[in-house]
Amino acid sequence: MRIGSLAKAVGTTPRTVRHYHRLGLLDEPRRLSNGYREYTIDDVVRLMRIRWLADCGMPLGEIAAALGESPAAETDVVADLRALLGGIEQQQSTLARKHARLSALLNDAVERRPLTALPSEVADAMSALIDASAETDREALIRERDLLEVMAISGAVPASFFETVTLTLGDHDLRQRYLGLLRRFSALEGRDPSEAESDIDSLAAELESMLEFDSFAADSSDISANTDEISSLSIDDIVPDPAQRTVIVRATERLQAGLHRPSVGMR
């Protein structure tokens, strides 16, 4: 069998077969008296195995070990295969997240809704609140919506956080409390933190009480599922006003302290 027939039988090209020869994956066949290489069925089987492993995603540099017979090679092959499977599982997880996001975006586009990273329930509730709000509240609400979207994109909070936001905006009393908190937060802008200590502390306590404790007790994989896309923005970038930033930092510290606080049954 000539090289052209071999390549055709396996579904590859003579150039690829020669490349495998150079890499040492496929032994050079014996030459006939006329100088032509003569391939056998053993070469066909070997080449098919090489192509099969390559199609499975195994790098060519690792195929020689995979087809080897020494114990050391077998150990290397196990490690290589586990690494390859781990990489594929990570890719599958990334693709699944992208599929879910694109599906949500497609639904928004079909329904002629603004494209946003926010869960649809939160986006709808915020849009309705902005449309129904007084002019004095609108700018603060738009800024709040933008901040929530930054949080959604960054993966800095669990999905349960947005469930809490949806419940808050959907309940009349909680929504009014939320608007009152937002007005007080907006009024802090430009004030000296040292002179606004009392207001900062009361706002931090109010913010802490509004956020359900369980929202921040999520599994770490829920919070950082998209660590490959997490934003590098700091709290200084997101909340540039010092007084307002102090409220967020202090409320966050209290929530984190609550995570490590022993329950009643443990005291």
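You'll find the structure just up there.
Position numbers for residues start from 1 in each chain and track the written sequence from start to end. Per-residue local features of the predicted model are confined to residues with pLDDT of at least 70, and side-chain atom pairs are confined, for both listing and counting, to 80 or more; whole-chain, interface and lining totals are unaffected and use all residues. Hydrogen atoms and water are omitted, and side-chain values are computed over all heavy atoms in the structure.

This brings us to the overall build of the protein. Elements are defined by DSSP. Helices are runs of H or I of four residues or more, strands are runs of E of two residues or more, and each kind is numbered from the N terminus. Each helix and strand counted, the protein has 13 helices and zero strands in total. Reading the helices (α) and strands (β) of the protein from amino to carboxyl end gives α-α-α-α-α-α-α-α-α-α-α-α-α. Relative accessibility thresholds used throughout: buried, under 20% of the residue-type maximum; exposed, over 50%; partly exposed, between the two (1.4 Å probe, protein chains only). Each of the 267 residues in the protein was classed as buried or not, and the buried ones make up 27%. Of the contacts formed within the protein by residues at least 6 apart in sequence, a portion of 61% connects residues at least 24 apart. Accessible surface, the protein: about 16,800 Å² in total, of which carbon and sulfur atoms supply 55%. Contacts: residue pairs with any heavy atoms within 4.5 Å of one another. In this description, accessible areas are obtained by the Shrake-Rupley approach with a 1.4 Å probe, and a residue is regarded as covered only by the protein chains that are shown.

Moving on: the pattern of salt bridges. One speaks of a salt bridge when a side-chain nitrogen belonging to Lys or Arg is within 4 Å of a carboxyl oxygen belonging to Asp or Glu. Counted by the stated rule, this structure contains 13 salt bridges. For the salt bridge of Glu139 with Arg143, the shortest nitrogen-to-oxygen distance reads 3.6 Å. Within this pair, Glu139 and its partner Arg143 are both found in helix α7 (residues 135–154), separated by four residues, close to a single helical turn. Classification of Glu139 as exposed rests on a relative accessible area of 56%. Among the residues examined, Arg143 registers a relative accessible area of 42% and is labelled partly exposed. In the salt-bridge network here, residues are joined through shared partners; they are Asp108, Glu111, Arg113 and Asp124.

Ranked by size, the top nonpolar core spans 30 residues in total, and within it Leu141, Leu148, Phe161 and Phe162 carry the most contacts. For this core, the elements supplying multiple residues, two or more each, are α6 (120–132), α7, α8 (159–170), α9 (172–187), α10 (197–210) and α13 (242–259). For Phe162, the contacting residues outside a window of four places in its chain are Leu118, Pro119, Val122, Leu148, Met151, Ala152 and Val157. Among buried residues, those of type Ala, Val, Leu, Ile, Met, Phe, Trp, Tyr and Cys that are joined through side-chain atoms within 4.5 Å constitute a nonpolar core. Ranked by size, the runner-up nonpolar core spans 15 residues in total, among them Tyr39, Val44, Met58 and Ile63.

A few words now on helix α3 (residues 41–55). Because each turn of an α-helix spans 3.6 residues, side chains separated by three or four positions in sequence point in the same direction. Compared with an ideal rise of 1.5 Å per residue, which puts 15 residues at 21 Å, α3 spans 21 Å between its outermost C-alpha atoms and is within 8% of the ideal. Looking at α3, one finds that the buried residues are Asp43, Val44, Leu47, Ile50 and Leu53. Among the structural elements, α1 (3–10), α2 (14–23) and α4 (60–66) are those in contact with the buried residues of α3. Just beyond α3, the residue with positive phi is Gly57, at close to 105°. Each helix should span, by expectation, one fewer than its residue count multiplied by 1.5 Å.

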